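Structural description and commentary
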Amino acid sequence: MTEVAYSSDELNPPKWLNSEFFTAALRKFTKNETLEVTKVELRPGTKAGEHYTSIMFKAKVFYDSKNVSENSMDLILKTIPVEEGHKMDLLKESTVFKTEMRIYGEVLPEMQKLLKQIDDETIIAPTLVYQSNDPAPVIVFIDEGPKGFKPYEKPFTFEQVQVLIERIAKFHACSFFLQKIGKLSNFDDCPFTKAEGKVDLLSLFYRDCVFDALKTVKKWKECESYKDILEKITQIFDERLEEIFQDKSKQPYQVLLHGDFQFKNMISRNGGLRSEDFLLLDYQYCYWNSPAIDVISLLCCCCDANTRKNHREEVIRKYFKIFNETLVKLDYKEALPRLLDLQLEMIRCGMVEFMFFMSFTPFQLIDFSKLDLNKLMETRDFHGATKEVFETEGFKEDLLKRLEFLVDMGALE
């Protein structure tokens, strides 16, 4: 049997994850004040390479109560690191944990109410059990693993991506509707904007990686005709992204973005082809902006190369169709967004697509089990971790096709 390599910072759980903590959590969840936890079995929650900010643990919790004896519940917990290092530094300087707690505590329940009102049985995310800031920020969910759910190991095929399109379209539509009726205030703290005392995620995860990747791509003979454009990208990169992420005046409409929309942040069972067999995770980077950004993430960070190459427009059209259909079912009274608006936004946000393709898409083709994520976060040599991918024929063809499209659309000017 192959030994499972867990994330090193999840080998020693915080001491406060004890019977007393779980008793308080389950009493609130079950509304049963007679419940007493009798035993807790903790183990690491993620394998090496699966998670890079918070730390996670799985728990088998045994409990008794006045009416029930010898019962148990499988849980998964997300909390902040207890060891000094890049994860702790990142969370200290960002609002990601606060954002996710707000999504699970306030936003997702309102979205589920809306869907229930229109007889839509879609379940967006795992069930929240408990969350608190005492003694440390922590979120507790039902562990869906025993029900057969597991993380994706590979990007989505066109068949698999259908349920993902539906899920993000409904998530966006519900957020749009909630904001219009005054039940959702804007999440204006975009993780990619700069502010004093705030971690610069754009620099941390993307800029250097994109610039290093550009050095590699500019050496390809197939890119000689793009030489001037590629050279100029380093000069306009920050300006274009600041315009996309901060200046909303040019956006015809906005939604609440997932913000970290990639295949590692989803779980499924039975292949994930039915809505009930798919769940969307990790809402730490949600913010208010153009829906095009999540749709671009869907294409670059979730879909496989064949889907991007042969079904791009089908993906966009289906997403938009479900988005508008959901608004109609919710009895939205104002003028509906137009497909033209979304298509123009996809072009206007072309620099984001280029950024994701140069930095994130290559990670689809590496073996995460062989990746020392802690070391990678320390060195931040993200392109170095994927450099070999750039020399494979499949990825090179995929990138060149995308580059040709973005250049022809004027999206990188």
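These figures come from a predicted structure and were not determined experimentally.

Digging into unusual backbone geometry
Residue P135 is bonded to the preceding D134 through a cis peptide linkage, with omega at 10°. You can see P135 is positioned in the loop between β4 (128-132) and β5 (138-142). Although it is not a glycine, D119 sits at a positive phi angle of roughly 60°. Inspection of the secondary structure puts D119 in the loop between α3 (96-117) and β4. Classification of D119 by relative accessible area gives exposed; the value is 72%. One non-glycine residue with positive phi stands out, namely N270, at about 55°. By relative accessible area, which is 61% here, N270 ends up exposed.

Some words on a negative patch on the surface
A contiguous patch of negative charge, built from E222, E224, E391 and E393, is present on the exposed surface. Along the chain, the position of E224 falls in the loop between α5 (201-217) and α6 (227-246). Take E224: its relative accessible area is 59%, and that puts it in the exposed class.

Focus on the packing of aromatic side chains
Scanning the entire structure with this criterion turns up 22 aromatic pairs. When the ring of W16 is compared with that of F21, the centres are 5.4 Å apart and the planes differ by 70°; the resulting orientation is edge-to-face. A relative accessible area of 6% places F21 in the buried class. Centre to centre, the rings of F21 and F22 are 5.2 Å apart; their planes meet at 80°, and the pair counts as edge-to-face. Grouping residues by exposure puts F21 and F22 together as buried. Here a set of aromatic residues connected by ring pairs shows up, and it is made of F176, Y253, Y319, F320, F323 and Y332. Between the NZ or CZ atom of K39 and the centre of the ring of F62, over which it lies, the distance is 5.5 Å.

Definitions and limits used
Residues numbered from 1 in each chain as written. Predicted model: local features only at pLDDT ≥ 70, side-chain atom pairs only at ≥ 80, totals over all residues. Heavy atoms only, no water. Helix = DSSP H or I, 4+ residues; strand = E, 2+ residues; numbered from the N terminus. Buried < 20%, exposed > 50% of the residue type's maximum accessible area, 1.4 Å probe, protein only. Patch = residues over 30% accessible without salt bridge, like charges linked within 9 Å, V, L, I, M, F, W, Y side chains within 5 Å. Areas by Shrake-Rupley, 256 points an atom, 1.4 Å probe, with all protein chains shown as cover. Salt bridge = Lys/Arg side-chain N within 4 Å of Asp/Glu carboxyl O. Lys, Arg positive; Asp, Glu negative; His and termini not counted. Charge placed at Lys NZ, Arg CZ, Asp CG, Glu CD. Phe/Tyr/Trp six-rings, centres within 6.5 Å; stacked < 30°, edge-to-face > 60°. Lys NZ or Arg CZ within 6 Å of the ring centre and 35° of its normal.

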